[in-house]
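Read off the chains here:
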Amino acid sequence: MSRIAGRFAWVEPRRRVRDLVLGLLSDLPRKNCWSIAEWAGQATPDGMQHLLGRAKWDADMVRDDVREYVLEHLHDEDAVLVVDETGDVKKGTHTVGVQRQYTGTAGRIENAQVAVYLVYAGRRGHAAVDRELYIPRSWTCDADRCRAAGLGEDTVFATKPELAARMIGRFLDSGHRVGWVAADEVYGGNPKLRAALEERQVGYVLASACSAEVTTSAGKFRADALAAKVPRRAWQKLSAGAGAKGHRFYDWAVIDLAEPRAGSHQLLIRRNRATGELAYYRCFSPAPVPLATLVRVAGSRWRVEETFQAGKGLAGLDEHQVRRFTSWSRWVTLAMLAHAFLAVVRADEHARHPAPDDLIPLTCNEIQRLFTTLIVRPVHDAAHRLRWSAWRRRHQARAQAGHNRRQAANQP
């Protein structure tokens, strides 16, 4: 917390943000301003809500602090930046960025809010270092709606690949260097993102659709048509990295592409050894690299799913109950900080205290459990719990009365 203390001009918000981050790391079944304020011993949630909505501090500066913290502790010369989006299912139409759209969280089209994240993935661990909220056209075309949600007057529509390019640019402009970017086909199918990475001499392994057309020395082909021409001897069995049940082995093949731009351009093909299902990747590197390197980068993309799972399950990344953009950016930034803390402790413990053969290494879940139980679990008396029970019921009674008044006014 001392790393971000300078972003808060007064001691009160510094104390409150510490309580909020500890609350995000707690074992509360549901994490929001109400539950965290009660857990922290505060009389009402007003202070937490003020911290997220109206207090004077810059979430983007704290985001930069999170990035530096992650890079300092998880730095790896072979690290990969992984881009992906995740959605939070929401009710109503007033929460910033919400509309009916596909989200992998639900696996279908839902009323949801979607954000794109940039994850730093290395051998020591992985954590999110940047975030951008996806604002649909239905919002950017409605100035009043944007204004009501706290979006700036200059808000314009940006695609998810454009948001990814924005975050990657920020990372590189901050003075850090990374050799590779990985992402799914939403990003791999975008030529502008690929060109931006090539211009900055950053290698990439980006998933691609089977229908994508690529150019070889023999002409232009669909990716799946090229895969059908790969001879049996060209496939190699390689691991895409270790998973929960051991190494993820696939068969891999690579085809050189004929691109007018400088660098090594290739089509990487992955074949499931059990089902025969194929997946495709557009690859670029400033200089030729072995197949094993491309496979390693492709396998790094799974780290973003692990980051989302831990960020949501352990640090309340998706449990914000806020409507305005400022509150959203502050909540998710502090949740990123909370998860980064767990990732850093995990990396340090693995380096300093290797687990014996009869124990698995410490996980982020176990570190959170120990941290909460041994260090930060608050103890409050019955009077505090009863005061909060009365406060909740009083607040809900006011809300119910207001709803009844509106309903009565609308009756014919």
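Being a predicted model, the structure only gives us computed values, none of them experimental.

A. Looking closely at the overall build of the protein chain. A tally of helices and strands in the protein chain yields 15 helices and 12 strands. The C-alpha atoms of the protein chain give a radius of gyration of 24 Å, which matches the 22 Å a tight globule of 412 residues would have. With respect to the principal axes defined by its C-alpha atoms, the protein chain has extents near 75 × 65 × 40 Å. For the protein chain, the residues scored as buried account for 48% of the 412 residues in total. In the protein chain, the proportion of contacts linking residues at least 24 apart, taken out of those at least 6 apart, comes to 63%. As presented, the protein chain carries roughly 21000 Å² of accessible surface, and 50% of it is formed by carbon and sulfur atoms. A gap of 4 Å separates the mean positions of the 61 positive and 46 negative side-chain charges of the protein chain.

B. Representation of the side chain of Thr333. Relative to the elements of secondary structure, Thr333 occurs in helix H13 (residues 325-352). With a relative accessible area of 0%, Thr333 lands in the buried category. At 2.9 Å, the side chain of Thr333 forms a polar contact with the side chain of Arg131. Ignoring anything within four residues of it in the chain, the contact list for Thr333 reads Ala59, Val62, Arg63, Val66 and Arg131.

C. Focus on unusual backbone geometry. Located in the positive-phi region is Gln201, a residue other than glycine, with phi close to 60 degrees. Looking at where Gln201 falls in the secondary structure, it is placed in the loop between helix H9 (191-199) and strand E6 (203-208).

D. Highlighting the packing of aromatic side chains. For the structure on display, the rule yields 10 aromatic pairs. When the centroid spacing of 6.2 Å and the interplanar angle of 25 degrees are considered together, the rings of Tyr120 and Phe171 count as stacked. With Tyr120 in strand E3 (residues 108-121) and Phe171 in helix H7 (residues 160-173), the pair connects residues that are 51 residues apart, well separated along the chain. Across the pair, Phe171 and Tyr120 agree in class, each one buried. Ring geometry for Tyr204 versus Phe284: centroids 5.6 Å apart, planes at 35 degrees, classification tilted.

E. Representation of a nonpolar patch on the surface in the model. Together, Leu362, Leu370, Leu374 and Ile375 make up an exposed nonpolar region whose accessible area comes to about 390 Å². Along the polypeptide, Leu362 turns up in the loop between H13 and helix H14 (364-376). Take Leu362: its relative accessible area is 30%, and that puts it in the partly exposed class.

F. Region of interest: the pairing of strand E9 (residues 236-243). With 6 bridges connecting them, E9 and strand E10 (residues 246-256) associate as antiparallel partners. Note on E10: the bridge partner recorded for Ala242 is His247. Here E9 hands over to E10 after 2 residues, the two strands then running antiparallel side by side.

G. A look at helix H4 (residues 59-74). Counted at 1.5 Å a residue, the expected span for H4 with its 16 residues is 22 Å, and the 22 Å between its end C-alpha atoms agrees. Along H4, the residues that are buried comprise Ala59, Val62, Arg63, Asp65, Val66, Arg67, Tyr69, Val70, Leu71 and Leu74. Looking at the buried side of H4, the elements it contacts are E3, strand E4 (126-133), H7 and H13. Its side-chain oxygen placed 2.8 Å from the backbone nitrogen of Asp60, Asp58 serves as the N-cap of H4.

H. Looking closely at the environment of Gly47. Here Gly47 is to be found in helix H3 (residues 46-53). Taking C-alpha positions, Gly47 is 8.6 Å from Pro13, a pair spaced 34 residues apart along the chain.

I. Structural context of the packing of helix H1 (residues 11-24) against H3. In contact at an axis separation of 10 Å, H1 and H3 are set at 100 degrees when each is read in the N-to-C sense. In this view, H1 runs roughly perpendicular relative to H3, as classed from their interaxial angle. Residues Pro13, Arg16, Val17, Asp19 and Leu20 of H1 touch H3, and the partners they reach there are Gly47, Met48, Leu51 and Leu52. When its residues are assigned to classes, the contact of H1 with H3 shows 6 nonpolar, 1 polar and 2 charged.

J. Here's a closer look at the pairing of strand E8 (residues 219-222). Here 4 bridges tie strand E7 (residues 213-216) to E8, and the two strands are oriented antiparallel to one another. Bridge pairing links Glu213 to Arg222 in E8. Counting the residues that bridge the hairpin from E7 to E8 gives 2 residues.

K. Structural context of the pattern of salt bridges. One pass over the full model with this rule turns up 28 salt bridges. The salt bridge involving Arg63 is made with Asp60; its shortest N-O contact spans 3.4 Å. In this pair, Arg63 and Asp60 are both assigned in helix H4, 3 residues apart and thus about one turn of the helix distant. On the basis of relative accessible area, Asp60 is assigned to the partly exposed category, the value being 35%. Here Arg166 ties to Glu132 by a salt bridge, and the two come within 3.6 Å at their closest N and O atoms. Linking Arg166 in helix H7 with Glu132 in strand E4, this pair joins segments that are 34 residues apart in sequence. Take Glu132: its relative accessible area is 12%, and that puts it in the buried class.

L. The packing of helix H12 (residues 302-315) against H13, seen in detail. Across the interface, H12 lies against H13 with an axial gap of 9 Å and an inter-helix angle of 105 degrees. Judged on the interaxial angle alone, H13 and H12 are roughly perpendicular. Judged by residue contacts, Thr307, Ala310, Gly311, Leu314 and Ala315 of H12 engage Ala335, Ala338, His339 and Leu342 from H13. Partitioning the contact of H12 with H13 into residue classes produces 6 nonpolar, 3 polar and no charged.

What counts, and at which threshold
- Residues numbered from 1 in each chain as written.
- Predicted model: local features only at pLDDT ≥ 70, side-chain atom pairs only at ≥ 80, totals over all residues.
- Heavy atoms only, no water.
- Helix = DSSP H or I, 4+ residues; strand = E, 2+ residues; numbered from the N terminus.
- Rg over C-alpha atoms; globule rule 2.2 N^0.38 Å.
- Buried < 20%, exposed > 50% of the residue type's maximum accessible area, 1.4 Å probe, protein only.
- Contact = heavy atoms within 4.5 Å.
- Areas by Shrake-Rupley, 256 points an atom, 1.4 Å probe, with all protein chains shown as cover.
- Lys, Arg positive; Asp, Glu negative; His and termini not counted.
- Charge placed at Lys NZ, Arg CZ, Asp CG, Glu CD.
- Polar contact = N/O pair within 3.5 Å; in protein donor to acceptor, adjacent residues only side chain to side chain.
- Phe/Tyr/Trp six-rings, centres within 6.5 Å; stacked < 30°, edge-to-face > 60°.
- Patch = residues over 30% accessible without salt bridge, like charges linked within 9 Å, V, L, I, M, F, W, Y side chains within 5 Å.
- Salt bridge = Lys/Arg side-chain N within 4 Å of Asp/Glu carboxyl O.
- Pairing = 2+ DSSP bridges.
- Expected span 1.5 Å × (residues − 1).
- Axes fitted to C-alpha atoms, helices over the stretch in contact; angles between N-to-C directions.
- Parallel < 35°, antiparallel > 145°, perpendicular 65-115°, else oblique.
- Nonpolar A, V, L, I, M, F, W, Y, C, P; charged D, E, K, R; others polar.

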